[in-house]
Amino acid sequence: NSFATRTNTCGELRSAHVGQEVTLYGWIQYQRQGLFLVLRDFQGLTQIIIPQDKAHSHVKKLLSNAPVESVVRVTGIVSPRPPGQENPKMPTGDIEVKAETAEILNTCKKLPFEIKDFVKKSEALRMQYRYLDLRSCQLQYNLRLRSQIVMRMREYLCNLHGFVDVETPTLFKRTPGGAKEFLVPSREVGKFYSLPQSPQQFKQLLMVGGLDRYFQVARCYRDEGSRPDRQPEFTQIDIEMSFVDQAGIQRLIEGLLQHSWPEERGCITTPFPSMTYEEALADYGTDKPDTRFGMKIVDISDSLRRSDIQFVQNALRYPHGTVKAICIPRGVRYLKNKDLKSLKESAKSQFNQEIVEVICRPDGSLKSVLTKFLGEKQQLELIQVLNMQVDDVVLLAAGEHKKVCSALGSLRLESAALLEAAGLVLRDPTTFHFLWVVDFPLFLPKEENPTELESAHHPFTAPHPSDTSLLYSDPTKVRSQHYDLVLNGSEVGGGSIRIHSAEQQRFVLEKVLKEDSEVLSHLLEALEFGAPPHGGIALGLDRLISLIVDAPSIRDVIAFPKSFRGRDLMASAPDYVTPEELEPYHIQVSWPLAEKEAKKN
C-alpha cells in the first residue's frame, strides 16, 4: 500500500483487523439487492456491507445503484462475519467491512462480457476488449507470476553470476536464412531496416567486445502466421557467454530454472536428462519428445524380416528401410473404430504413410490383416517385443526411417489426445519433464530443393569437434554443437556453441549454404579481431510461462497479444496510412492489389 491512498488491499484483511477503520479501492464485482457488494482489486476480494440506516442513506443509494465493474472508494469498519456466514473459500471470508462512506470514482457502462473466469467468451472478443479481459483472476495470476519469474532470473544471472544486462537495437539489417523478418522502411531510397528475429549477431559481437557474460529480456520479431505457440512479436531470455562449452551452458540454465521456479509448482530435479537427436527421432518421432508418457516407437524390423508380408519386405530392401510400431494401451477399450480410421487417415494425409493396426484379443491372440502371414512363433515374438497386453492396439508402419518415425511420432500424440478425451490420464499438466536434445545435424536438405542445404539451427552454429573435418568433405554428416531444451513436448529453449573462426564462418556461408557473405561482413570482420570461443542460448519466455500455468496458448501469458492472424483486434493494427505519410519513405501502395488482399482477408 506504499504510495497509495488506500489503507489496505481487498485481499489482505483478516480477523486480526477487526475493529480497524480501513479505506479500500476497487471494482464492484457483485452486488446483491442493496444489502452487500463484493469489492475486487489485484490482490483479492472483500465483502462490503451496505448500510441500511437513514443516516447513511446516501451511501446506500450510491453503492446500490453503481453498475458492476464501477470503480469505488469505500471507508468502513472491519467486522467479523455473523456465525455460519463465513466463507472458507475466500482468504477474507472471516470478515466483512461495514461501509461508512463511499465514492464512485468511475462508473462502468454495459460490459461486452462478464469479468468471470468461468464465463466462456470468444477469443476475438477477449482480444478486442483486452483491458477488460486483464481483470480476470487467471490473467492477473499469469502476468504476476511471469513478472516474479523474470525478476528471479535477473537476480540469478546478474547478482549471482555476473551477467551484464544489455539492450540491443531493434532496427537492424536482414539476416540470411531463418524465419521471415519484418521490414521497416527508411528515408533512404530503396533501403529498409529489418526487425531482428533474435539478438544473435549482437550478442556474439558483445563477446568479441569482451563483455564475457551477457543477458537480455529481448523482444524478437518473426513475420510468420500465428500458431497457438507463436506470435509475430515475442520475448526470450537471451544469454551468451565466453570461454564456455555445451555442458557449462546446460548447467547454467538448469540452475537458472531451479532458482526462478515458482514454489507452488513443486521442485524440479537437476541435472535434466539428455538424449541425442537421433534417439529422440527413433523413440518418439520428433526432436521435442513429450516424456511424460510411454508409447515409445519400437523397431520390429528383425521380428518381421523373415515374414512373407510384401510391403514389409519392400521397405526393408532400401538402405534406410525400417518397420516400426507404437502400442496404444487399452486402445480397444478407449478408441472407437472412427478414431482408428482418423489416425490412419492422418498418417496418410500428413506423411503419405500407410498404417496397419494389430489388436490383442482377450484370449491373447492377435487380430490383423497381417496374422495370416505370420506363424505362431512370429506372433509371440511380436507380442513380446511390443509388450502387448489384452485390449492393446498396435499401429505399424513400414518405409523410410525418418518418414516412418515422424508419422508414428505424430500418431503417438494424437492417440494420447484421444485416450485422454476418453478419460485416461496420460499427460499430467502438473508434472514437468525437462529434457536436453543434443547432437543435431548441422545442416538439413531444403524442403523445396533437397540438393541444397540449410542450417538446422542457424548459420553461426559450430560443428561438433569430432566432425570438423567432415565439414569440408561431407557436410551432410556433420553433427552440430546445438542443444534444445524441451519441456513436456514443447521446445522452450535453443542454443549452440558458435563458430568463432572467421575462415570457418565464411566457408559455411559461402560454400555450404551458398549465401552472400557480404550481408554479414561486419560479423566476419569482427571474428578476425581476436573473437573468443563463445556460446549461448535463448529461452522462449512466453512458451515457458504458458506451460508453467497450463495455459492453452501463449496469448494467455502476454498482456497485449496479437490474434491468430497477427492482428491487434483492440486497436485495429496494422492500419492504413496516407500517401503523404508514405512519401518520405519513397513507397507507393498498389491499391488494386491491396483491395484484393483486403477482400481475401
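Residues numbered from 1 in each chain as written. Predicted model: local features only at pLDDT ≥ 70, side-chain atom pairs only at ≥ 80, totals over all residues. Heavy atoms only, no water.

Caption draft 1: Main features of the overall build of the chain. When you go through the chain residue by residue, the secondary structure sums to 19 helices and 22 strands. By the burial criterion, 48% of the 601 residues in the chain qualify as buried. When contacts within the chain are restricted to residue pairs at least 6 apart in sequence, those whose partners lie at least 24 apart make up 67%. Only carbon and sulfur atoms are counted for the fraction: they give 52% of the accessible area of the chain, which is about 30,900 Å². (Helix = DSSP H or I, 4+ residues; strand = E, 2+ residues; numbered from the N terminus. Buried < 20%, exposed > 50% of the residue type's maximum accessible area, 1.4 Å probe, protein only. Contact = heavy atoms within 4.5 Å. Areas by Shrake-Rupley, 256 points an atom, 1.4 Å probe, with all protein chains shown as cover.)

Caption draft 2: Main features of the domain arrangement of the chain. Per the domain assignment, the segments making up the chain are domain 1 (15-106), domain 2 (141-275 + 434-556) and domain 3 (293-422). Of note, the centres of domain 1 and domain 3, computed from C-alpha atoms alone, are 63 Å apart. (Domains from an automatic or database assignment.)

Caption draft 3: Structural context of the nonpolar core. Formed by 51 residues in total, the largest nonpolar core has its most connected members in Ile239, Ile253, Leu257, Phe434 and Leu485. It is helix α4 (residues 137-161) that provides the largest number of residues to this core, a total of six residues. Val312, Cys360, Ile383 and Leu386 belong to the second largest nonpolar core, which has 22 residues in total. (Core = buried A, V, L, I, M, F, W, Y, C linked by side-chain atoms within 4.5 Å.)

Caption draft 4: Spotlight on the side chain of Ser368. Structurally, Ser368 is set in the loop between β15 (366-367) and α12 (376-386). Of the polar contacts made by the side chain of Ser368, one reaches the backbone oxygen of Glu357; its length is 3.0 Å. In contact with Ser368, not counting residues within four places along its chain, are Val356, Glu357 and Val358. (Polar contact = N/O pair within 3.5 Å; in protein donor to acceptor, adjacent residues only side chain to side chain.)

Caption draft 5: Representation of the state of the cysteines in the model. On inspection of all chains with the given rule, the structure shows zero disulfides. Cysteine Cys158 remains unbridged, with the sulfur of Cys220 as its closest cysteine sulfur at 17 Å. (Disulfide = S-S within 2.5 Å.)

Caption draft 6: Here's a closer look at the sheet that holds strand β22 (residues 534-540). Overall, mixed pairing links the eight strands, which are arranged β6-β9-β10-β22-β21-β20-β17-β11 in an open sheet. Every interior strand has two partners, whereas the edge strands, β6 (164-165) and β11 (274-276), have only one. Here α4 sits on the sheet and contacts β6, β9 (213-221), β10 (233-242) and β22; the angle it forms with β9, its principal contact strand, is near 150 degrees. (Pairing = 2+ DSSP bridges. Axes fitted to C-alpha atoms, helices over the stretch in contact; angles between N-to-C directions.)

Caption draft 7: Molecular detail of the packing of α4 against helix α6 (residues 246-260). For the pair α4 and α6, the least separation of the axes is 8 Å and the interaxial angle reads 130 degrees. By the angle class used here, α4 and α6 are oblique. Here α4 and α6 pass one another in a crossing that is right-handed. Here Ile149, Arg152, Met153, Glu155, Tyr156, Leu157 and Leu160 of α4 come into contact with α6, specifically with Leu252, Gly255, Leu256, Leu257, His259 and Ser260. A class-by-class count of the residues in the contact of α4 with α6 yields eight nonpolar, three polar and two charged. (Parallel < 35°, antiparallel > 145°, perpendicular 65-115°, else oblique. Left-handed = near helix turned anticlockwise from the far one by under 90°. Nonpolar A, V, L, I, M, F, W, Y, C, P; charged D, E, K, R; others polar.)

Caption draft 8: Molecular detail of α4. With 25 residues, α4 should cover 36 Å at 1.5 Å per step; its first-to-last C-alpha distance of 35 Å lies within 8% of that length. Those residues of α4 that fall on the buried side of the exposure criterion are Leu139, Asn142, Leu145, Arg146, Ile149, Val150, Met153, Tyr156 and Leu157. Backbone geometry just after α4 places Gly162 at a positive phi near 70 degrees. (Expected span 1.5 Å × (residues − 1).)

Caption draft 9: Geometry of the packing of aromatic side chains. Using the criterion set out here, one finds nine aromatic pairs in the structure. Considering the side-chain rings of Tyr129 and Tyr131, the 6.2 Å spacing of their centres and the 80 degrees angle between planes classify their relative orientation as edge-to-face. Summarising the aromatic geometry, the rings of Phe172 and Phe202 are spaced 4.4 Å apart at their centres and angled 50 degrees between planes, so their arrangement reads as tilted. Separated by 30 residues along the polypeptide, Phe172 in the loop between β6 and β7 (183-185) and Phe202 in helix α5 (residues 200-208) bring together distant segments of the chain. Through a chain of ring-to-ring contacts, the aromatic side chains of Trp261, Phe272, Phe432 and Phe434 assemble into a single cluster. Positioned over the ring face of Phe293 is Arg412, at 3.8 Å from the centre of the ring. (Phe/Tyr/Trp six-rings, centres within 6.5 Å; stacked < 30°, edge-to-face > 60°. Lys NZ or Arg CZ within 6 Å of the ring centre and 35° of its normal.)

Caption draft 10: Structural context of the pattern of salt bridges. Following the criterion strictly, the structure yields 30 salt bridges and no others. For Glu69, the salt bridge goes to Arg135, with nearest N and O atoms at 2.8 Å. Linking Glu69 in the loop between α1 (57-65) and β4 (71-80) with Arg135 in the loop between α3 (130-133) and α4, this pair joins segments that are 66 residues apart in sequence. On the accessibility criterion, Glu69 (3% relative accessible area) is buried. Here Lys446 makes a salt bridge to Glu452, at a shortest N to O gap of 3.3 Å. One salt-bridge network, in which partners are shared between bridges, spans Arg126, Arg130, Asp133 and Asp556. (Salt bridge = Lys/Arg side-chain N within 4 Å of Asp/Glu carboxyl O.)

Caption draft 11: Representation of a nonpolar patch on the surface in the model. On the surface, Tyr131, Phe560 and Met570 cluster together to form a nonpolar patch covering roughly 310 Å² of accessible area. Tracing the backbone shows Tyr131 in helix α3. (Patch = residues over 30% accessible without salt bridge, like charges linked within 9 Å, V, L, I, M, F, W, Y side chains within 5 Å.)

Caption draft 12: Local environment of unusual backbone geometry. Here the bond from Thr270 into Pro271 is cis, since omega is -5 degrees, no more than 30 degrees from zero. For Pro271, the location among the structural elements is in the loop between α6 and β11. Backbone geometry places Glu69, a non-glycine residue, at a positive phi of 75 degrees. Even without glycine at this site, Phe243 takes up a positive phi of about 55 degrees. Residue placement: Phe243 occurs in the loop between β10 and α6.

Caption draft 13: A look at the sheet that holds strand β12 (residues 298-299). Spatially, the five strands line up as an open sheet ordered β12-β13-β16-β14-β15, and their pairing is antiparallel. Each edge of the open sheet is held by one strand with a lone partner, namely β12 and β15. When strand β14 (residues 356-360) meets β15, the two strands line up antiparallel, connected through two bridges. The residue of β15 that forms the bridge with Ile359 is Lys367. On the sheet, helix α13 (residues 401-421) packs against β13 (321-328) and β16 (393-400) and is oriented at approximately 10 degrees with respect to β13.

Caption draft 14: Structural context of the environment of Ser194. Tracing the backbone shows Ser194 in strand β8 (residues 192-194). Owing to a relative accessible area of 2%, Ser194 belongs among the buried residues under this scheme. Contact partners of Ser194, with chain neighbours within four places excluded, come to Thr170, Leu171, Phe172, Lys173, Arg174, Glu181, Phe182 and Leu183.

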